[in-house]
Each structure stands twice: as C-alpha cells, then as structure tokens.
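An overview of the molecular structure
The residues making up each chain are set out below.
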Amino acid sequence: MNQLHYRDFLDLISNLNVGDRISVKWSNKRRGIGKECYLSEGEIVQITDNAIYFRGDVGFTAGINIGDIAMGAEVTPFS
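Residues numbered from 1 in each chain as written. Predicted model: local features only at pLDDT ≥ 70, side-chain atom pairs only at ≥ 80, totals over all residues. Heavy atoms only, no water.

**Quick notes on the packing of aromatic side chains**
The tally for this structure, following the rule as stated, stands at one aromatic pair. Between Trp-26 and Tyr-38, the aromatic rings sit 5.0 Å apart at their centres with planes inclined by 75 degrees, giving edge-to-face as the arrangement. Of the two residues, Trp-26 is situated in the loop between β1 (21-25) and β2 (41-47) and Tyr-38 in the loop between β1 and β2; the sequence distance between them amounts to twelve residues. As far as the burial class goes, Trp-26 and Tyr-38 line up, both buried. (Phe/Tyr/Trp six-rings, centres within 6.5 Å; stacked < 30°, edge-to-face > 60°. Helix = DSSP H or I, 4+ residues; strand = E, 2+ residues; numbered from the N terminus. Buried < 20%, exposed > 50% of the residue type's maximum accessible area, 1.4 Å probe, protein only.)

Structure, rendered in structure tokens:
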C-alpha cells in the first residue's frame with residue numbers, strides 16, 4: 001500500500017463521522033451485475049482505518065476503500 005495514498009485516506013476520514021452524508025464519484029463504475037454496489041451517495045454507517053461504509057437511500061450498503069481512492073474515486077461530504 002502506497003504511504004501517500006494511506007495518508008490521504010487518513011486525512012479524508014479525519015473529517016468524517018458516522019451519520020454524515022457523502023457523495024461518491026467512482027473512477028470506474030460498473031454497468032452490469034453488482035452495479036448497485038457503486039452508490040453515488042448515502043449516509044456513513046461505519047469508518048475503519050481503510051474503508052468507509054455507507055447506506056444508500058434504498059437500503060443497499062457500499063464501501064469505498066483506500067484502493068478506490070488511489071484509483072481516483074472522490075468522496076465529498078454534504079449536508
């Protein structure tokens with residue numbers, strides 16, 4: 001794991017809390033089976049040292065991890 005990406009991820013999660021709403025712009029969004037796993041927004045339900053898990057409005061839960069961030073995915077908090 002690249003140390004630069006890990007520090008960027010730690011900076012990102014230091015500004016987030018469970019219950020915050022986020023939007024996610026995925027770098028490579030799948031179009032076939034499993035596309036429901038690539039939610040574009042939702043409420044954070046868990047934050048770990050390498051992933052953010054969030055629940056969308058229709059009940060699906062997704063996770064964005066340090067690898068997704070390293071590949072260009074963007075997470076933006078909103079209210």
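Now that the structure is up, let's keep going.
**With respect to the pattern of salt bridges**
Tallied over the full model, the rule gives two salt bridges. In this structure, the salt-bridge partner of Arg-21 is Glu-41, at a minimum N-O distance of 3.3 Å. Highlighted residues: Arg-21 in strand β1 and Glu-41 in strand β2, separated in sequence by 20 residues. Owing to a relative accessible area of 22%, Arg-21 belongs among the partly exposed residues under this scheme. Across the salt bridge formed by Asp-57 and Arg-21, the nearest N and O atoms sit 3.4 Å from each other. On the criterion of sequence distance, the pair formed by Asp-57 in the loop between β3 (51-55) and β4 (61-65) and Arg-21 in strand β1 is long-range, its members being 36 residues apart. Its relative accessible area of 62% is what places Asp-57 among the exposed residues. A single network of salt bridges, built from pairs that share partners, joins Arg-21, Glu-41 and Asp-57. (Salt bridge = Lys/Arg side-chain N within 4 Å of Asp/Glu carboxyl O.)

Such coordinate-based values are descriptive only and should not be taken to indicate function.
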